[in-house]
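Listed below are the residues making up each chain.
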Amino acid sequence: MRILPAEAVDRLLAGSIVAIPTETVYGLAADGLNEAAVRAIFVAKGRPADHPLILHVADAERAAAHARWDERADLLLDLWPGPLTLVLWNRDVPAIVRGGHPTVAMRVPDHPIALEILSAVGPLAAPSANRFGGVSPTRVEHVGIEFPGLPVVDGGPCRVGVESTIVSLLEGRPRLLRPGSVSLEELMARLGGVEVGGTIAAPGNLEAHYAPRGRVVLVPHGTPGAHVPAPERTEHARRLYDDLRHHDALGVDPIVCELAAPVGIGLAVNDRLMRAAAG
Ligand code: TXA
Ligand code: MG
């Protein structure tokens, strides 16, 4: 069910969940400081309680109020609003948002509707608006397929198309936990050294399957004839989930996907493709 941003604000303030657009993928949002509202996200998604959510905030000041700020974050600040999530030590974010971990993941999304809602409601916990283990929604119609009847604000197709880059600042060296459109090259240039990989101790990090129902078979970059070819890099990311859904809806099995060149956002595309193929 499509709703306007003002209605989303009313519903969120009343403790309900609604889907909202961001520049990466659509999110399933709740008032991030209202435990009962956040619990409804876990129930709707079928997500394990120890799998933490991202807290979306209106600006960096808000982020610094809820977590222990890290000077290294200052080197990344001009990437906000944008597809970059920082993991910091928690200050006062409810445990349910953090999956019980002592840390919190935060980002400022770069979408006018998301920012409008954030400034009216305050921090929003929001995972991707898909069922647990499924493909993230990048168009408003996808949200209706995942959650029929769920109120959703239409923000058009998502500009980035893959989930945000996640960087942990918990250790001595920054660590890239999830590649996204803020590239490893860009992070290296700003931070110096960046460790790659590793994840929060959520069993198997299952959610990260991003899998359609049909099998996904990967072919090397440059192989002709794939169902999901690798076009220009940013375009590839933008279309990736829509293409997977499209072929899945047609019953294509296996879905043959061409890997991207492993640079820039190509790392994120290949990460999601490998998870889809493993699922
Ligand atoms: O682009 C995005 O990030 C989208 C939009 C809606 O903002 N959100 C998103 O949320 O992808 P979700 O829940 O599908 O993925 C969040 C990821 C999970 O892999 C989770 O493990 C990780 O963030 N995460 C959340 N809190 C964390 C923490 N404290 N430490 C490490 N990883 C964390
Ligand atoms: Mg997700």
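Residues take numbers from 1 onward in each chain, read along the sequence in its written order. Chain labels run from A onward and ligand labels from 1 onward, assigned in the order the entries are written. The predicted nature of this model means local features are confined to residues of pLDDT at least 70 and side-chain atom pairs, given and counted, to a pLDDT of 80 or more, with totals for whole chains, interfaces and linings taken over all residues. Side-chain figures throughout are based on the complete set of non-hydrogen atoms in the structure, without hydrogens or water.

### Structural notes on the overall build of the chain
Right, on to step 1. Secondary structure elements are taken from DSSP: a helix is a run of H or I of four residues or more, a strand is a run of E of two residues or more, and numbering for both begins at the N terminus. Along the backbone of the chain there are 10 helices and 13 strands.
Right, on to step 2. Two things to know: the radius of gyration comes from C-alpha atoms, and the globule rule equals 2.2 Å times the number of residues to the power 0.38. By the compact-globule yardstick of 19 Å for 279 residues, the chain fits well, its C-alpha radius of gyration being 18 Å.
Right, on to step 3. Once the C-alpha set of the chain is aligned to its principal axes, its extents read approximately 50 × 45 × 35 Å.
Right, on to step 4. Relative to its 279 residues, the chain shows a buried fraction of 56%.
Right, on to step 5. Residues counted as positive are Lys and Arg, residues counted as negative are Asp and Glu, and His and the chain ends are not counted. Where a charge lies is defined by one atom per residue type, namely NZ (Lys), CZ (Arg), CG (Asp) and CD (Glu). Seen as two clouds, the 26 positive and the 32 negative side-chain charges of the chain have centres 4 Å apart. Only protein chains enter the calculation, and the probe is 1.4 Å; a residue is then buried if its accessible area is under 20% of its type maximum, exposed if over 50%, and partly exposed in between.

### Side note on the nonpolar core
Right, on to step 1. In this structure, Leu84, Leu86, Val97, Met106 and Leu187 are the most contacted members of the largest nonpolar core, which totals 44 residues.
Right, on to step 2. Within the residue set of this core, elements represented by two or more residues are strand 3 (27-31), helix 2 (35-45), helix 3 (60-66), strand 5 (84-89), helix 5 (95-98), strand 6 (103-107), helix 7 (140-146) and helix 8 (184-191).
Right, on to step 3. At four residues, the largest contribution of residues to this core is made by helix 2.
Right, on to step 4. Here, residues are in contact when the closest pair of their heavy atoms is within 4.5 Å. Contact partners of Leu187, with chain neighbours within four places excluded, come to Leu76, Leu84, Thr165, Val167, Leu176, Val182, Gly192 and Val194.
Right, on to step 5. Grouping buried Ala, Val, Leu, Ile, Met, Phe, Trp, Tyr and Cys residues that are joined through side-chain atoms within 4.5 Å yields what is termed a nonpolar core. Cys257, Ile265, Ala268 and Ala276 belong to the second-largest nonpolar core, a separate cluster that totals 20 residues.

### Quick word on the pattern of salt bridges
Right, on to step 1. Whenever a carboxyl oxygen of Asp or Glu lies within 4 Å of a side-chain nitrogen of Lys or Arg, that contact is scored as a salt bridge. By the definition in use, this model includes 20 salt bridges.
Right, on to step 2. The residue Glu23 makes a salt bridge to Arg107 at a minimum N-O spacing of 2.9 Å. Taken as a pair, Glu23 in the loop between strand 2 (18-20) and strand 3 and Arg107 in strand 6 lie far apart in primary sequence, 84 residues in all.
Right, on to step 3. Across the pair Glu146 and Arg245 runs a salt bridge whose closest N-O atoms are separated by 3.0 Å. With a gap of 99 residues between them, Glu146 in helix 7 and Arg245 in helix 9 (residues 233-249) connect regions that are remote in the sequence. Judged on exposure class, the residue Glu146 and its partner Arg245 are both buried.
Right, on to step 4. The network of salt bridges with common partners includes Glu163, Asp271, Arg272 and Arg275.

### Regarding the domain arrangement of the chain
Right, on to step 1. Each domain span listed reflects an automatic or database assignment of domains. Segmenting the chain into domains produces domain 1 (2-196) and domain 2 (216-278).
Right, on to step 2. The straight-line distance from the C-alpha centre of domain 1 to that of domain 2 is 24 Å.
Right, on to step 3. Contact with domain 1, which involves 23 residues of that partner, is made by 13 residues of domain 2.
Right, on to step 4. When domain 1 packs against domain 2, the two sides together hide about 1400 Å² of surface, and 55% of this comes from carbon and sulfur.
Right, on to step 5. Two parts placed together each lose some accessible area; with a 1.4 Å probe, that loss summed over both constitutes the buried area. It is Val135, Val162 and Pro179 that lose the most area in domain 1 upon contact with domain 2, and together they represent 34% of the buried surface on that side.
Right, on to step 6. Our count for the contact surface shared by domain 1 and domain 2 stands at three salt bridges.

### Considering the site of ligand 1
Right, on to step 1. Taken together, 24 residues are adjacent to ligand 1, and Thr24, His56, Thr103, Ser164 and Arg178 come closest.
Right, on to step 2. Residues adjacent in sequence count toward polar contacts only when both atoms are side-chain atoms; beyond that, a polar contact is any pair of N or O atoms within 3.5 Å, and within protein one must be able to donate a hydrogen and the other to accept it. At 3.2 Å from an oxygen atom of ligand 1 is found a side-chain nitrogen or oxygen belonging to His51.
Right, on to step 3. Arg178 places a side-chain nitrogen or oxygen 2.9 Å from an oxygen atom of ligand 1.
Right, on to step 4. In the complex, 97% of the free accessible area of ligand 1, which totals 680 Å², lies under the protein chains.
Right, on to step 5. Those elements that place two or more of their residues in the shell around ligand 1 are strand 4 (54-56), strand 6 and strand 10 (175-178).
Right, on to step 6. Broken down by element, the residue count for the shell around ligand 1 peaks at four residues, all from strand 6. Proximity criterion: a residue is near a molecule or strand once any of its heavy atoms comes within 4 Å of it. For accessible areas, the Shrake-Rupley method is used with a probe of radius 1.4 Å. Any residue's cover is judged against the shown protein chains and nothing else.

### Observations concerning unusual backbone geometry
Right, on to step 1. Between Trp80 and the following residue, Pro81, the backbone shows a cis peptide bond with an omega angle of -10°.
Right, on to step 2. Omega for the peptide link from Asp253 to Pro254 comes to 5°, which places this bond in the cis form.
Right, on to step 3. Mapped onto the elements of the fold, Pro254 is located in the loop between helix 9 and strand 13 (255-258).

### A short note on the side chain of His101
Right, on to step 1. Among the secondary structure elements, His101 is positioned in the loop between helix 5 and strand 6.
Right, on to step 2. You can call His101 buried: its relative accessible area is 15%.
Right, on to step 3. A polar contact of 3.1 Å, which involves the side chain of His101, links it to the backbone oxygen of Asp50.

### Notes on helix 2
Right, on to step 1. Buried within helix 2 are the following residues: Ala37, Val38, Ile41, Phe42 and Lys45. For helix 2, the angular spread of the buried residues around the axis is 155°, confining them to a single face. Opposite the buried face of helix 2, at more than 90 degrees from it, the exposed residues are Ala36 and Val43.
Right, on to step 2. As for helix 2, its buried residues are in contact with strand 3, helix 5 and strand 7 (124-125).
Right, on to step 3. Its side-chain oxygen at 3.1 Å from the backbone nitrogen of Ala36, Asn34 defines the N-terminal cap of helix 2. Starting at the helix axis, one direction is taken to each C-beta atom, and the arc is that of these directions.

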